[in-house]
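# A closer look at the structure
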Amino acid sequence: MFNYLLKIIAQIIPVLIIISFIVFALVFIAGDPVALMLPEDASTEDIALLRESLGLDQPFIVQYGNYLLQLVQGDFGESFRYGEDAFKLVMERLPASLELGIAAIIVAIIISVPLGIWSATKRNTSIDLLATGGAVIGKAMPNFWLGIMLILIFSVHLGLFPVTGRGTIAHLILPAVTLGTGIAAEMTRLIRSNMIEVLSQDYIKTARSKGLHSFKVVYKHAFRNSLIPVITITALQTSTLIGGTLITETVFSWPGLGQLLIQAVHTRDMAIVQAAVITIAVIVILMNLIADILYRILDPRIKYN
Amino acid sequence: MKYLMEINYLKTYFFTESGVVPAVDKVSFFIKEGETVALVGESGSGKSVTSLSIMGLIDSPGKIVEGEILFDGKDLTLLSEKELRKIRGNDVAMIFQEPLTSLNPVLKIGDQLSESIILHQKMDKRKAREISIHLLRQVGIPRAEQIMESYPHLLSGGMRQRVMIAMALSCGPRLLIADEPTTALDATIQAQILQLLKKLIEETNTSILLITHDLGVVAEMADRVVVMYAGQIVEHTDVFTLFRDPKHPYTKGLIESTPKIHEEKDELTSIAGTVANPLNYPTGCRFVDRCPFALKECSTNPPHMLEVNKDHYVRCWLHEEKEDDVRETTKTT
Amino acid sequence: MNEEQMKNSAVIEESMNKTVGRKVSKVKRWFNLLLQSKTGTVGLVIVIFIVFVAIFAPILAPYDPNVVNPTEVHKPPAWMEGGSNKHILGTDNVGRDILSRVIYGSQISLLVGITSVILAGIIGIVIGLLAGFYGGIFDHLLMRLVDSFLAVPNILFALVIISVFGSGVTTLIVVLGITNWVVYARMVRGESLSLKERDFVRAAKSMGVKNRNIIIRHLFPNVISSFIVISTLSVATTIILEASLSFLGLGIQPPQVSWGTILSDGRDYIATSWWLATFPGIAITITVLGIIFLGDWLRDILDPRLNK
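Residues numbered from 1 in each chain as written. Chains lettered and ligands numbered in written order. Predicted model: local features only at pLDDT ≥ 70, side-chain atom pairs only at ≥ 80, totals over all residues.

### Let's talk about the overall build of chain C
Looking only at helices and strands, one finds 13 helices and zero strands in chain C. For chain C, the succession of helices and strands along the chain, N to C, is α-α-α-α-α-α-α-α-α-α-α-α-α. In chain C, which comprises 308 residues, the proportion classed as buried is 45%. The long-range share in chain C, meaning contacts at least 24 apart out of those at least 6 apart in sequence, stands at 70%. (Helix = DSSP H or I, 4+ residues; strand = E, 2+ residues; numbered from the N terminus. Buried ≥ 20, exposed ≤ 12 C-beta atoms within 10 Å, placed from the backbone. Contact = placed C-beta atoms within 7 Å.)

### Section: the interface of chain C and chain A
Chain C puts 35 residues into the contact, and the matching count from chain A is 39 residues. For the side of chain C that touches chain A, the element with the highest residue contribution is helix H7 (residues 154-165) of chain C, accounting for nine residues. Split into classes, the residues belonging to the side of chain C that touches chain A amount to 26 nonpolar, six polar and three charged. (Nonpolar A, V, L, I, M, F, W, Y, C, P; charged D, E, K, R; others polar.)

### Comments concerning the environment of Val37 of chain B
All names here are of chain B. The topology assignment puts Val37 in strand S3 (residues 36-40). Owing to 24 C-beta atoms within 10 Å, Val37 belongs among the buried residues under this scheme. Residues Val37 and Val21 lie 16 residues apart in sequence; the distance between their C-alpha atoms is 26 Å. Beyond its immediate stretch of four places on either side in the chain, Val37 contacts Ile31, Leu209, Leu210, Ala222, Asp223, Arg224 and Val226.

### Quick look at the sheet that holds strand S1 (residues 3-16) of chain B
All names here are of chain B. One open sheet accounts for four strands, arranged S2-S1-S4-S5; its pairing is antiparallel. In this open sheet, the two edge strands, each paired with only one partner strand, are strand S2 (19-32) and strand S5 (74-75). Packing of helix H1 (residues 47-55) onto the sheet brings it into contact with S1, S2 and strand S4 (62-71), and relative to S2 it is tilted by some 70°. (Pairing = 2+ DSSP bridges. Axes fitted to C-alpha atoms, helices over the stretch in contact; angles between N-to-C directions.)

### Side note on the interface of chain A and chain B
Taken together, the contact between chain A and chain B spans 19 residues of the former and 22 residues of the latter. In terms of residue count, the dominant contributor to the side of chain A that touches chain B is helix H9 (residues 202-209) of chain A (seven residues). Here the side of chain A that touches chain B is built from residues that sort into five nonpolar, seven polar and seven charged.

### Digging into the nonpolar core
Of all hydrophobic cores here, the largest spans 243 residues; its most connected members are Leu261, Ile272 and Val277 of chain A. For this core, the element with the highest residue contribution is helix H5 (residues 98-134) of chain C, accounting for 15 residues. With residues near it in sequence (within four places) discarded, Val277 of chain A still touches Ile19 and Val23 of chain A together with Val152, Leu156 and Val160 of chain C. (Core = buried A, V, L, I, M, F, W, Y, C linked by C-beta atoms within 7 Å.)

### Description of the domain arrangement of chain A
Segmenting chain A into domains produces domain 1 (16-72) and domain 2 (96-298). Here the C-alpha centroids of domain 1 of chain A and domain 2 of chain A sit 39 Å apart. (Domains from an automatic or database assignment.)

### Topic: the environment of Trp145 of chain A
Along the chain, Trp145 of chain A falls in helix H7 (residues 143-157). For Trp145 of chain A and Ser112 of chain A, which are 33 residues apart along the polypeptide, the C-alpha to C-alpha distance reads 21 Å. Look past the residues within four positions of Trp145 of chain A in its chain and what remains in contact with it is Leu263, Gly281 and Ile284 of chain C.

### Some words on the arrangement of the chains
Among the two pairs of chains that make contact, the interface with the largest number of contacts is formed by chains A and C. Spatially, chain B is disjoint from chain C: no contact exists, and the shortest C-alpha separation is 14 Å.

### A few points about the sheet that holds strand S12 (residues 312-315) of chain B
Residue and element names in this part refer to chain B. Pairing in this open sheet of eight strands is mixed, and the strands run S6-S7-S8-S3-S9-S10-S12-S11 from one edge to the other. Of all the strands in the sheet, just strand S6 (92-95) and strand S11 (305-309) have a single pairing partner and so form its edges. For this sheet, the mean angle separating the axes of adjacent strands, direction not counted, is 20°.

### So, H7 of chain C
Residues that lie three or four places apart on an α-helix share one face, since the helix turns once every 3.6 residues. Residue and element names in this part refer to chain C. Its 12 residues place the ends of H7 17 Å apart at the C-alpha level, agreeing with the 16 Å of an ideal helix rising 1.5 Å per residue. Counting buried residues along H7, 11 of its 12 residues qualify, which places the element largely inside the surrounding structure. When we look at burial in H7, the residues that qualify are Asn154, Ile155, Leu156, Phe157, Ala158, Leu159, Val160, Ile161, Ile162, Ser163 and Val164. Gly166 sits one or two positions beyond H7 and adopts a positive phi of about 80°. (Expected span 1.5 Å × (residues − 1).)

### Some thoughts on the confidence of the model for chain A
Averaged over every residue, the pLDDT of chain A is 84; the share at 70 or more is 94%. Here helix H2 (residues 34-37) of chain A stands out as the least confident element of chain A, with mean pLDDT 63; helix H5 (residues 86-121) of chain A is the most confident, with 90. (pLDDT = per-residue confidence, 0-100.)

### Brief notes about helix H11 (residues 259-267) of chain C
With eight of nine residues buried, H11 of chain C lies mostly within the body of the structure. Listed in full, the buried residues belonging to H11 of chain C are Trp259, Gly260, Thr261, Ile262, Leu263, Ser264, Asp265 and Gly266 of chain C.

### Here's the deal with the packing of H11 of chain C against helix H12 (residues 275-302) of chain C
All names here are of chain C. Packing of H11 against H12 brings their axes to within 7 Å, and their N-to-C directions diverge by 155°. As the angle between them shows, H11 and H12 are arranged roughly antiparallel. H11 and H12 meet at a crossing whose hand is left-handed. The segment H11 lies against H12, with Trp259, Ile262, Leu263, Asp265, Gly266 and Arg267 engaging Leu276, Ala277, Pro280, Gly281, Ala283 and Ile284. (Parallel < 35°, antiparallel > 145°, perpendicular 65-115°, else oblique. Left-handed = near helix turned anticlockwise from the far one by under 90°.)

### A word on the pairing of S2 of chain B
Residue and element names in this part refer to chain B. As judged from the nine bridges shared by S1 and S2, these two strands associate in the antiparallel manner. Along S2, the bridge assignment pairs Tyr3 with Lys32. Linkage of S1 to S2, two consecutive antiparallel strands, is achieved through a turn of two residues.

### Some words on unusual backbone geometry
The peptide bond linking Pro254 of chain C to Pro255 of chain C adopts the cis configuration, its omega dihedral lying at 10°. Looking at the element boundaries, Pro255 of chain C is found in the loop between helix H10 (211-247) and H11. Even without being glycine, Arg143 of chain B reaches a positive phi, approximately 50°. Assignment of secondary structure puts Arg143 of chain B in the loop between helix H4 (125-138) and helix H5 (144-148). The phi angle at Asp311 of chain B is positive, at roughly 60°, despite the residue not being glycine. Mapped onto the elements, Asp311 of chain B comes out in the loop between S11 and S12.

Below, the structure is given as structure tokens:
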């Protein structure tokens, strides 16, 4: 267990260093933030003074070193737009995004698990065709368009849900469905093919020869086996999920990290962009780690080594 | 004596995209109480499909198109899925070829073993567990309590097959279908498992349908032998007659090409040629292309099942002809 | 033609160019395979149609996509009350013809989708081949870089670059190309790692063929089919990514027309003029669907793992 954790950490740290380096280098190429921070009629001395106080007159590698040091202390710099600590701003918005993301995963699981299993057990029937066809269309539809169409149908015409904002469950449903459907499409496909493979295994024949009900064969003997890849699949969707969150938040004016980030990109508020990218990378890495650990718990054949 | 199981004119066909495969074609045989019947044939001869037909586990695109499977007087082909489930694992149990893959890798041995006891004997978990431990001891597994909590991957192939046997016998079945139970095992383990099976059925008077391609196993275990080729029964008699006086050219070939038991090799390579394409069987005898004694009518007319001696059945034109005719063709080939 | 003539012409054709002859029959075989797959056929038809629309947009579009017409604002599609055949899919808030805008939108989608994938492919294949063939520290570094890219969602990475360099067609192509290259690098690296151990490469090595020639002659042709499969599907995701960025106002800028920007304009009028946001979305969905179908079919016939 201890060795396993050590190995994981040895993999994560270089990844985080590379990401921070790329982001820092990009921002460095983008040029001085000073011009944006001072009024247009500022004197050259003022600019030079500010540059010096921010350490911007030092060579690139020194600046990056300082930046890394600050990162380790949780200091991502200050947003010039809000005049606040960028990391604090990101953390303030994170709960809303997590809420949306978790709700979307729940929606995706509710749709894809039964549908994937069902279509696998009823292979080549009309149900299967409908499920696989739906999965392809779900994959082809842009997320934000689906969101707009849902607003059109359920908010504008039927008046069932509020168009935008956050607060109640009613606010959450449309964005969660929008985001969840896209992930469900990919998950349904993968669960189906996994289930098909598991159902052809010998131990399924054994279970059936015991006289078990086919429902029990599927959920006790087959699903648990196909659950292992499903968990990995779900975790690997984290990246897609976060990408989708950024856009879905914009469509529904959801006050999360995505909205903050996109505004920051528009206004070139680089401290927030940097803080958001690194936070998201950490989340993705953590999710992959959790998936890996769950995988080991669920599959008795794998031990820490 | 009363028949425990009687299969009459069973046809199980597979309706595939490329055509209809008559995997089991007009198969009839019977099993008496306490008797071990061996179903012998190469892979693809239809022996496994016959066993799955008995269990009612034929999946689409396969289908039982005709015939009856009488178990204790009841026709299993007419039963509903629900009624079949009551028989499966209870009155009729099955052991499969691959002990390595036939146990669920993510469930504990104890869980899998007590499953059918809970289901069929309507027992609570604790009681089922006690019986399971007892069963494991019966099949010669040491440290039974510990094994109950283990996952299959920690057990050797022989141990797993013992667990499979314990599982199959857990509800005291009247018929045990053993589909190549020792094929995947080492020769020494093979002998142990066969001894174990023999001991257990003698104690309980269970009938066995033993599916195998290994005549060594047949000689060791069986009372009667049914030889299948390309979906059909080609010979059917008691085990002594079969080895002493085989009638069908295919059976002869099988016996000649089989090494004795306890030898490593069990390949059946010395019969020339391969099994005909099941999508396009010859119109006459299905063995015609590989048969060294083939007559003219063999390629045009399908042979019938003949009773050459008492309780000795053969599907072959050679035995429908007069003795001198047979000799003549034997010379020419 | 009698038999002898046929023989002669066949011989001539063969002697003229053996490989071309083989390729023709291969294309024929693929075409037959394509017709066997319903979805593959549908995919190809859709893709040909979209390419046709994009190329002939100036002829097909009834109006200039950017011409505003204050007298014809918020016209609904032709089949609705108040609609007219002058604007089949209606007009937007400043009277621009939606059909014309959707037709022109296909140009940007295909341009950005295809060129950025080619760019990503070139970067990825070169780096992947080198890393796979030479291994060592360079390979190690590449794998960590791949991990890093995979930890950051594509769109997020694109956003970071756009925040630095601004938006526009060229930037977008470069951005999406840089975002996607790791996928190819990883795939090509894996394949060349296994190819390196195969007999024909070992034989070439033992005969003293230069490394550069081994990479170009033996490794490169063998990774091409996997590249085609992955890149086709990747065009589909890139088209969605482009539309997403344009929707956020960070991709294509006016006067160029992207399906994403039409959608973004239409979103504000969703309550009154549903057609503004609906039709570009349908266009994206159909295009992407066609490419996915085509890509799945290509995978079925080209994937060496399936052919084995």
